[in-house]
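# Structural overview for review
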Amino acid sequence: MSSPHAVVAGAGIGGLTAAVALHRRGWRVTVCERSPQPSAAGAGIVLAPNALRAFDAIGFDADRAAGRAVPAAMGLRRPDGRWLHRADTAALTARYGRPPLAVYRPALAEALSAALPAAAIHYGARVTCVDHEPGSPDAPVVRTSAGDLTADVVLAADGIHSGLRRAHFPDHPGLLHGGATAWRTVLSGDGPAGRPLDTAETWGRGERFGVVPLADGRVYVYATAVAPEGHRPADVRGELLRRFGSWHDPVPALLERIDPAAVLQHDLYDLAAALPRLHHGRIAWLGDAAHAMTPNLGQGGCQAVEDAVVLAHLLDRGAGVPAALAAYSAARCSRTDAIRIRSRRAGRVAALAHPLAVAVRDLAVRATPARVTRRALDDLFDGFTLPGA
């Protein structure tokens, strides 16, 4: 009897994790990626304890595979450098077994790709649609720009602008612009005078700046600002210096080292409303394709990893694909939508611009009891479970 076949649309972190999880359970997997080759561009990703536990569940050591991750407990600062909240890495480790870890996203993708058979990933193969041949409801046909594939299940990990989501949920309102844009890049080298950098996000008036040290001396930096949809400054470094150049050290020094050609800029979106379910027939959606969320909680990639591991677990339980996909929707819809909404609300608070509102916000952050912060983190970091495990 031949192994069941899964076709994965998209070679992002979620799609690759799903492919690895199924491959390790004996499935034959084909990953279709529209890009003609693996991308060397990218920024950082912080893997929270929930994502790390999900990777553990499939035997994938994200820390070692991605080339030594770095603890990344996130603190909050004001533009003048004063701390609103300092993260306690030791306390996070004691409570959740490990702290969040920062990794270079392309290195993580490369490690996941290396855990698959050499011929499993088809670059330059864009999935255009999924059909069912007449009389063969159990064998969806995946139409791609490189030819057709038959599958037992199709995993739609085709990103925030998912074409498969639009095709199969035509009445869904789609994406909602979050009112802001974001810049991301990775720099080489340490902070000023070689001093180690703190992992922190700084909140100003409608603007934020994040600094996340990575392995090998690299630094992931990102910035967000309230801006209209499609805002694209001609002078990227000049725009960032204008907005953040007077902020606390090491922000100005980091900005001076930015290569504008290596800066990624994207407007921030999330789904305007939850999907009614995360499956249709023998197709399942995961990651941004299923529940696109703003990056304010750092959970977009983490939830994609959770999706992938839960989906593979359910497909491996022998109940059949339709039952497994229904169970997947039941297991994931509530959690992912709650985090999507929570992330949207967090972004609105962080983006406040009126001086009085900002002062009240900053005071509230400083006055928040530790037990409230712990409870909020527990909801995120302790929320990953394998159904029936």
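For the structure, see preceding data.
Here we summarise the structure given alongside this text. (Residues numbered from 1 in each chain as written. Predicted model: local features only at pLDDT ≥ 70, side-chain atom pairs only at ≥ 80, totals over all residues. Heavy atoms only, no water.)

## What about helix 12 (residues 355–367)?
- Look at helix 12: 18 Å from first C-alpha to last across 13 residues, which is about the 18 Å you get at 1.5 Å a residue.
- Every buried residue belonging to helix 12 is among Val358, Arg361 and Asp362, and all of these are buried. Down the axis of helix 12, the buried set is contained in an arc of 95°. They therefore lie on one face. Of the exposed residues in helix 12, those oriented more than 90 degrees away from the buried face are Leu356, Val360, Leu363 and Ala367.
- If you follow the buried residues of helix 12, they end up packed against strand 6 (83–85), strand 14 (200–203) and helix 11 (321–350). (Helix = DSSP H or I, 4+ residues; strand = E, 2+ residues; numbered from the N terminus. Expected span 1.5 Å × (residues − 1). Buried < 20%, exposed > 50% of the residue type's maximum accessible area, 1.4 Å probe, protein only. Arc of directions from axis to C-beta. Contact = heavy atoms within 4.5 Å.)

## Side note on the environment of Arg53
- Secondary-structure assignment places Arg53 in helix 2 (residues 49–57).
- Separated by 43 residues in the primary sequence, Arg53 and Tyr96 place their C-alpha atoms 9.7 Å from one another.

## Examining the nonpolar core
- Among the nonpolar cores identified, the biggest contains 82 residues, and Leu47, Phe55, Leu108, Leu116, Leu155 and Leu315 are the most heavily contacted of them.
- Here this core takes nine residues from helix 10 (residues 300–315), the largest share from any one element.
- For Leu155, the contacting residues outside a window of four places in its chain are Val7, Val8, Ala9, Ala18, Leu22, Ala284, Leu286 and Leu311.
- Of all hydrophobic cores here, the second largest spans 18 residues; its members include Ala225, Phe244, Val251 and Val263. (Core = buried A, V, L, I, M, F, W, Y, C linked by side-chain atoms within 4.5 Å.)

## What to know about the pattern of salt bridges
- Summed over all chains, the structure comprises 18 salt bridges.
- Arg340 is paired through a salt bridge with Asp337; the nearest N and O atoms lie 2.6 Å apart. Here Arg340 pairs with Asp337, and both are found in helix 11, just three residues apart, close to one helical turn.
- On the accessibility criterion, Arg340 (4% relative accessible area) is buried.
- Arg361 is the partner of Asp362 in a salt bridge, and the nearest nitrogen-oxygen pair spans 3.0 Å.
- On the accessibility criterion, Asp362 (9% relative accessible area) is buried.
- Three or more residues are tied together by salt bridges with common partners; here these are Glu207, Glu239, Arg242 and Arg243. (Salt bridge = Lys/Arg side-chain N within 4 Å of Asp/Glu carboxyl O.)

## Re the state of the cysteines
- Tallying each qualifying case throughout the model produces zero disulfides.
- Cys129 takes part in no disulfide bond, and the closest cysteine sulfur to it belongs to Cys32, at a distance of 12 Å. (Disulfide = S-S within 2.5 Å.)

## Structural notes on helix 4 (residues 89–96)
- Between a side-chain oxygen at the N-terminus of helix 4 and the backbone nitrogen of Ala90 the separation is 3.2 Å; the capping residue is Asp88.
- Positive phi appears at Gly97, one or two residues downstream of helix 4, with a value of about 90°. (Polar contact = N/O pair within 3.5 Å; in protein donor to acceptor, adjacent residues only side chain to side chain.)

## Considerations on the sheet that holds strand 12 (residues 153–156)
- Ordered by their spatial adjacency, six strands build an open sheet running 8-2-1-12-19-18, and the pairing between neighbours is mixed. Two strands in the sheet have a free side with no partner beyond their single neighbour: strand 8 (121–123) and strand 18 (279–280).
- Examined bridge by bridge, strand 12 and strand 19 (residues 283–285) share three bridges and lie parallel to one another. From the neighbouring strand, Ala156 faces strand 19, where its bridge partner is Trp285.
- Sitting on the sheet, helix 1 (residues 13–23) touches strand 1 (5–9), strand 2 (28–33), strand 8 and strand 12, and the angle it makes with strand 2 is about 165°. (Pairing = 2+ DSSP bridges. Axes fitted to C-alpha atoms, helices over the stretch in contact; angles between N-to-C directions.)

## Structural notes on the packing of helix 1 against helix 5 (residues 105–114)
- Packing of helix 1 against helix 5 leaves a shortest axis separation of 9 Å and a crossing angle of 25°. Comparing the axis directions of helix 1 and helix 5 gives the class roughly parallel. Here the hand of the crossing between helix 1 and helix 5 comes out left-handed. Seen from helix 1, the contacting residues are Ile13, Leu16, Thr17 and Val20; seen from helix 5, they are Arg105, Leu108, Ala109, Leu112 and Ser113. (Parallel < 35°, antiparallel > 145°, perpendicular 65-115°, else oblique. Left-handed = near helix turned anticlockwise from the far one by under 90°.)

## Notes on the sheet that holds strand 3 (residues 44–47)
- Spatially, 3-7-4 is the arrangement adopted by the three strands of the open sheet, whose pairing is antiparallel. The open sheet is flanked by strand 3 and strand 4 (70–71), the only strands paired with a single partner.
- In this sheet, strand 7 (residues 101–104) lies alongside strand 3 in antiparallel orientation, the contact comprising four bridges. If you follow Ile45 over to strand 7, its bridge partner there is Val103.

## Examining the side chain of His5
- Checked against the element boundaries, His5 lands in strand 1.
- On the basis of relative accessible area, His5 is assigned to the buried category, the value being 4%.
- Side chain to side chain, His5 and Thr30 meet in a polar contact 2.8 Å long.
- Apart from the residues lying within four places of it in its own chain, the contact partners of His5 are Trp27, Arg28, Val29, Thr30, Thr150, Ala151, Asp152 and Val153.

## Here's the deal with the environment of Gln303
- Looking at the element boundaries, Gln303 is found in helix 10.
- Gln303 sits in the buried class, given a relative accessible area of 0%.
- With 16 residues separating them along the chain, Gln303 and Gly287 place their C-alpha atoms 6.4 Å apart.
- Of the polar contacts made by the side chain of Gln303, one reaches the side chain of Gln299; its length is 2.8 Å.

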